[in-house]
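Inside the fold
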Amino acid sequence: MAGVITLIYGIVAYLIFLGSFLYAVGFVGNLVVPKSIDSGIVGSPVEAVIVNTLLLGLFAAQHSVMARPAFKRWWTRLVPSSAERSTYVLLASLILLLLYWQWRPIPGPVWTVENPLWTAVIHGVFWLGWAILLISTWLINHFELFGLSQAFAALRKKELPPPVFRTPLFYKWVRHPIYVGFLLAFWATPSMTWGHLLFSLGTTGYILLGIFLEERDLVTLFGDRYRLYRKQVGMLFPWRKVAE
Ligand SMILES: C[S@@+](CC[C@H](N)C(=O)[O-])C[C@H]1O[C@@H](n2cnc3c(N)ncnc32)[C@H](O)[C@@H]1O
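Each chain carries its own residue numbering, running from 1 in the written order of its sequence. Only residues with pLDDT of at least 70 are given local features in this predicted model, and only at 80 or more are side-chain atom pairs given and counted; all residues enter the totals for whole chains, interfaces and linings. The side-chain values count all of the structure's non-hydrogen atoms but skip hydrogen atoms and water molecules.

1. Points about the nonpolar core
In terms of nonpolar packing, the biggest core is built from 41 residues, with F27, L99, W103, F126, W130, F199 and Y226 touching the most fellow members. Elements are defined by DSSP. Helices are runs of H or I of four residues or more, strands are runs of E of two residues or more, and each kind is numbered from the N terminus. Of all the elements in the fold, those that place two or more residues in this core are α1 (2-29), α2 (45-66), α4 (81-102), α5 (116-140), α8 (177-187), α9 (194-222) and α10 (224-232). The biggest single contributor to this core is α1, with seven residues. The contact definition used throughout considers only heavy atoms, calling two residues in contact when any of these lie within 4.5 Å. Sequence-distant contacts of Y226, that is, excluding residues within four places in its chain, are made with F165, R175, H176, E215, L218 and V219. As used in this record, nonpolar core signifies buried Ala, Val, Leu, Ile, Met, Phe, Trp, Tyr and Cys residues forming a set joined through side-chain atoms within 4.5 Å. Each residue's exposure class comes from its accessible area (1.4 Å probe, protein chains only) as a fraction of the maximum for that residue type: buried when under 20%, exposed when over 50%, partly exposed otherwise.

2. Some details on the UniProt feature "transmembrane region" (unreviewed entry) in the protein
UniProt positions are given in the numbering used here, feature names are shortened, and annotations may be inferred rather than shown by experiment. Feature annotation in UniProt places "transmembrane region" (unreviewed entry) on residues 7-28, 48-66, 87-104 and 124-148, given in this structure's numbering. Note that residues 48-66 is 100% helix and 0% strand, and that its end C-alpha atoms are spaced 27 Å apart. Helix makes up 88% of residues 124-148 and strand 0%, with an end-to-end C-alpha separation of 31 Å.

3. Let's talk about the packing of aromatic side chains
Centres within 6.5 Å make a pair out of two Phe, Tyr or Trp rings, where for Trp the six-membered ring is used; the pair is then stacked when the planes are under 30 degrees apart, edge-to-face when over 60, and tilted otherwise. Applying the stated criterion across every chain yields a total of 25 aromatic pairs. Geometrically, the ring pair formed by F126 and W127 is edge-to-face, given 5.2 Å between the ring centres and 85° between the ring planes. The exposure class assigned to F126 is buried, which follows from its relative accessible area of 4%. Judged by centre distance (6.1 Å) and plane angle (80°), the ring pair of F126 and W130 falls under edge-to-face. Of this pair, F126 and W130 are both found in helix α5, four residues apart, which corresponds to roughly one turn of the helix. For W130, a relative accessible area of 5% gives the class buried. Distance and angle both matter: a charge sits over a ring if NZ of Lys or CZ of Arg is within 6 Å of the ring centre and within 35 degrees of the ring normal. Seen from the ring of W173, R240 lies directly overhead, with NZ or CZ sitting 5.3 Å from the centre.

4. A closer look at the site of the ligand
As a structural note, the neighbourhood of the ligand is formed by I140, L145, V164, F165, R166, Y171, H176, P177, I178, Y179, E214 and L218. Residue R166 places a main-chain N or O atom 2.7 Å away from a nitrogen atom belonging to the ligand. Two N or O atoms count as a polar contact when they lie within 3.5 Å, although within protein this holds only if one can serve as hydrogen donor and the other as acceptor, and sequence-adjacent residues are included solely when both atoms are side-chain atoms. Within the contact set of the ligand, an oxygen atom lies 3.2 Å away from a backbone nitrogen or oxygen of Y179. Coverage of the ligand by the protein chains reaches 82% of its 570 Å² of free accessible surface. Elements that contribute at least two residues to the shell around the ligand include exactly α8 and α9. Tallying contributions element by element places α8 first for the shell around the ligand, with three residues. Note on definitions. A residue lies near a molecule or strand when any single heavy atom of the residue is within 4 Å of it. Surface accessibility in these figures is a Shrake-Rupley result with a 1.4 Å probe; residues are shielded only by whichever protein chains are displayed.

5. Looking at the side chain of T119
Position of T119 relative to the elements: it lies in helix α5. What makes T119 buried here is its relative accessible area of 16%. Contact partners of T119, with chain neighbours within four places excluded, come to V113, E114 and P190.

6. Thoughts on the packing of α2 against α9
Look at α2 against α9: their axes get within 10 Å of each other, and the N-to-C directions meet at 20°. Compared by their axis directions, α2 and α9 come out roughly parallel. In the crossing of α2 with α9, the sense of the turn from one axis to the other is right-handed. When α2 is examined against α9, the residues V49, N52, T53, L56, A60, H63 and S64 are found in contact with a partner set consisting of L198, F199, G202, T203, Y206, L209 and L213. Under the convention adopted here, Pro, Cys and the residues Ala, Val, Leu, Ile, Met, Phe, Trp and Tyr are nonpolar, Asp, Glu, Lys and Arg are charged, and Gly plus all remaining residues are polar. Residues that form the contact of α2 with α9 fall into these classes: eight nonpolar, six polar and no charged. Angles shown run from 0 to 180 degrees and are taken between the N-to-C directions of axes, each axis being a line fitted to C-alpha atoms and, for helices, limited to the stretch in contact. Note that the term roughly parallel is reserved for angles under 35 degrees, roughly antiparallel for angles over 145, roughly perpendicular for angles of 65 to 115, and oblique for everything else. Left-handed describes a crossing whose near helix is turned anticlockwise from the far helix through less than a right angle; right-handed describes the clockwise counterpart.

If you want it as structure tokens, here you go:
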């Protein structure tokens, strides 16, 4: 029974994640969704900067704290380990929904590209970013990343195998293709507003901090294999040094 409940919980968390992910595409790209990064009631810019920074900070804090092994060890005394990743995914998705809802637009152009050819190129980079991101989740292990493998293992009363170090496709050239995808999607816009700039700067800062923390954990987990990988493959810019 507990296994079935964990699985249902995992599926619900995954579906909420999927919704918040699809909404992110529309939110950042000002496409289709009712409330995007540049839409909504324009108020005081000072209030907007404070509220938006708090929202980004909340997302960063939840991600940084809950992804750390020490927190997971403490947390799984309260939450079954099979539901730990789903809870992380669920909370992250709910914070994203809060961010979309409460985000204050800050209009005014930082840059505007009007040339149709360059506009098409920038839109292409935007979609390329989302594609790299999505493909990379499958390269690492999509269902494990979003908690479903853990929930299925609990249903079958099986232990999850220990994490495996993987370097397929994009990972041969860059250590963090998922973050590269986010950066491309967040910065590639033909009309950058001050609100969008705040979002892009905040998320870029958080991604750099996230990489520092994640790589520290990956060195602890995979030791010299990851240290060597770090020497041979670029962090965010594609680069590869072939072993002598
Ligand atoms: C949100 S994913 C981001 C992965 C990577 N930083 C990227 O941008 O593609 C974070 C999870 O991926 C795992 N991870 C990162 N690089 C990995 C690799 N080369 N092989 C296996 N797991 C990896 C981390 O341990 C962490 O649980």
